[in-house]
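A closer look at the structure
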Amino acid sequence: MGGMSGSAPPADAAYDVLDAYFGDLITRYVRGDLSRSDAIAGIIGPVEADPAAARAAAESLGGPLWAVWDRVVHAATDGDDTARDRLVALLVGVRDRDAATRDGGLRWAELPLLGAVMREAWNWGSPPDGDRQTWVNLNAFAARLTAVGIDCSTYAVWTLRAALEEPGDPDQLAAAVAWFRHCGPVLRNACEASTVPGRPPTVRPGRLAVEGGVTGDGFTLARWRFWHRRWETLASSGGPHAETARNALVLMDDAGR
């Protein structure tokens, strides 16, 4: 694989310059033309070159961190499973770097601003406004991240609530299955531990779940069992979503073993 070509722009470069630089970097990495170590170096270079800029970058919506994470998320939603796997590996590599910036102003382990970029993607990507396959891909990426300890589990609650706990949103079903496929055991463990990600108002159960006896916020075993019952109902309906539901049941049962 080739190394980085050209010089990285400074952290305070214009956003279109940063966007073009990181767009090329992520494209080359996903394509296999750039190694993970070179891609990581290309990400941290513009930030760590200037400690003062590093502090500002951690909060700037027009800086290098927003630019690179935005390119990562778009590549994950536009690409295939192989691309998403490579992008997850890239983020793990950045997260697991030992060194912070030279003055300690930025902790890569926190992947600063990634959460804000993911939230933005969620806002524009969710049905009915977003493309259905893009939405499935975004959920699959968030599930893969959660499986390796980059916690996006709040989004699991949101998608599963929309798919199974509220009436009449079939566009969410395939996205819901992605969570069980890519991090089913993590979700099961969270339910066993009664984990509440994010703020409780945002992870409360939906109307159908409440009617079914689910009362706790976040992940609970009662909620897990409700999801299972909802998939069973869909699987036995013989309708257009029966096969999707049967696949989800297999994944849920495997996660519970």
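Residues numbered from 1 in each chain as written. Predicted model: local features only at pLDDT ≥ 70, side-chain atom pairs only at ≥ 80, totals over all residues. Heavy atoms only, no water.

**Regarding the overall build of the protein**
As a reminder of what qualifies: Working definition: helices are DSSP H or I runs of at least four residues, strands are E runs of at least two. Numbering for both runs from the N terminus. Our radius of gyration is a C-alpha quantity, and the globule rule it is checked against amounts to 2.2 Å times the number of residues to the power 0.38. Any two residues having at least one pair of non-hydrogen atoms within 4.5 Å are treated as being in contact. Residue burial considers only the protein chains on display, and all accessible areas are found by Shrake-Rupley using a 1.4 Å probe. Charge counting treats Lys and Arg as positive and Asp and Glu as negative, with His and both chain ends excluded. Where a charge sits is defined by one atom per residue type, namely NZ (Lys), CZ (Arg), CG (Asp) or CD (Glu).
Tallying secondary structure elements over the protein gives 12 helices and zero strands in all. Relative to its length of 257 residues, the protein is compact, with a C-alpha radius of gyration of 20 Å against a globular reference of 18 Å. With respect to the three principal axes, the spread of C-alpha positions in the protein is 60 × 35 × 30 Å. Once local pairs closer than 6 in sequence are excluded, the contacts in the protein between residues at least 24 apart make up 68%. Put simply, the protein shows about 11,400 Å² of open surface, and 49% of that area lies on carbon and sulfur atoms. One finds the centroid of the 26 positive side-chain charges in the protein at a distance of 5 Å from the centroid of its 33 negative side-chain charges.

**Some thoughts on the packing of aromatic side chains**
Defined as follows: Note on aromatic contacts: the rings of Phe and Tyr and the six-membered ring of Trp form a pair at centre separations within 6.5 Å, being stacked when their planes are under 30 degrees apart, edge-to-face when over 60 apart, and tilted otherwise. Any Lys NZ or Arg CZ that is within 6 Å of a ring centre and within 35 degrees of that ring's normal is treated as a charge sitting over the ring.
The full count for this structure, using the stated rule, is eight aromatic pairs. A connected cluster of aromatic rings, assembled from ring pairs, spans Trp122, Trp135, Tyr155 and Trp158. Against the face of tyrosine 29 rests arginine 86, its NZ or CZ located 4.2 Å from the ring centre.

**A closer look at the packing of helix H4 (residues 64-78) against helix H5 (residues 81-95)**
Operational definition: Only the contacting stretch of a helix is used when fitting its axis, a line to C-alpha atoms as for every element, and angles between N-to-C directions run 0 to 180 degrees. Each angle receives one of four descriptions, namely roughly parallel if under 35 degrees, roughly antiparallel if over 145, roughly perpendicular if within 65 to 115, and oblique otherwise. By definition, any crossing whose near helix is turned counterclockwise from its far helix by less than a right angle is left-handed, and any crossing with a clockwise turn is right-handed. Note on residue categories: nonpolar means Ala, Val, Leu, Ile, Met, Phe, Trp, Tyr, Cys or Pro, charged means Asp, Glu, Lys or Arg, and polar means any other residue, Gly included.
At a minimum axis separation of 9 Å, H4 and H5 run at an interaxial angle of 155°. Relative to H5, the element H4 lies roughly antiparallel. Here H4 runs over H5; the crossing is left-handed. Listed contacts from H5 to Trp69, Val72, Ala75 and Ala76 of H4 are Arg84, Leu87, Leu91 and Val94. When its residues are assigned to classes, the contact of H4 with H5 shows seven nonpolar, no polar and one charged.

**Thoughts on the environment of serine 37**
Secondary-structure assignment places serine 37 in helix H2 (residues 36-48). Sequence separation between serine 37 and glycine 93 is 56 residues, and the spatial gap between their C-alpha atoms is 8.0 Å.

**Focus on unusual backbone geometry**
Excluding glycine, most residues fall at negative phi; most peptide bonds, likewise, are trans. The condition is simple: The rule is simple: take the accessible area with a 1.4 Å probe, protein chains only, and divide by the maximum for that residue type; under 20% is buried, over 50% is exposed, in between is partly exposed.
Located in the positive-phi region is leucine 111, a residue other than glycine, with phi close to 40°. Taking the relative accessible area as the measure of exposure, leucine 111 reaches 5% and is therefore buried. The phi angle at leucine 113 is positive, at roughly 75°, despite the residue not being glycine. Position of leucine 113 relative to the elements: it lies in the loop between H5 and helix H6 (114-125). With a relative accessible area of 14%, leucine 113 lands in the buried category.

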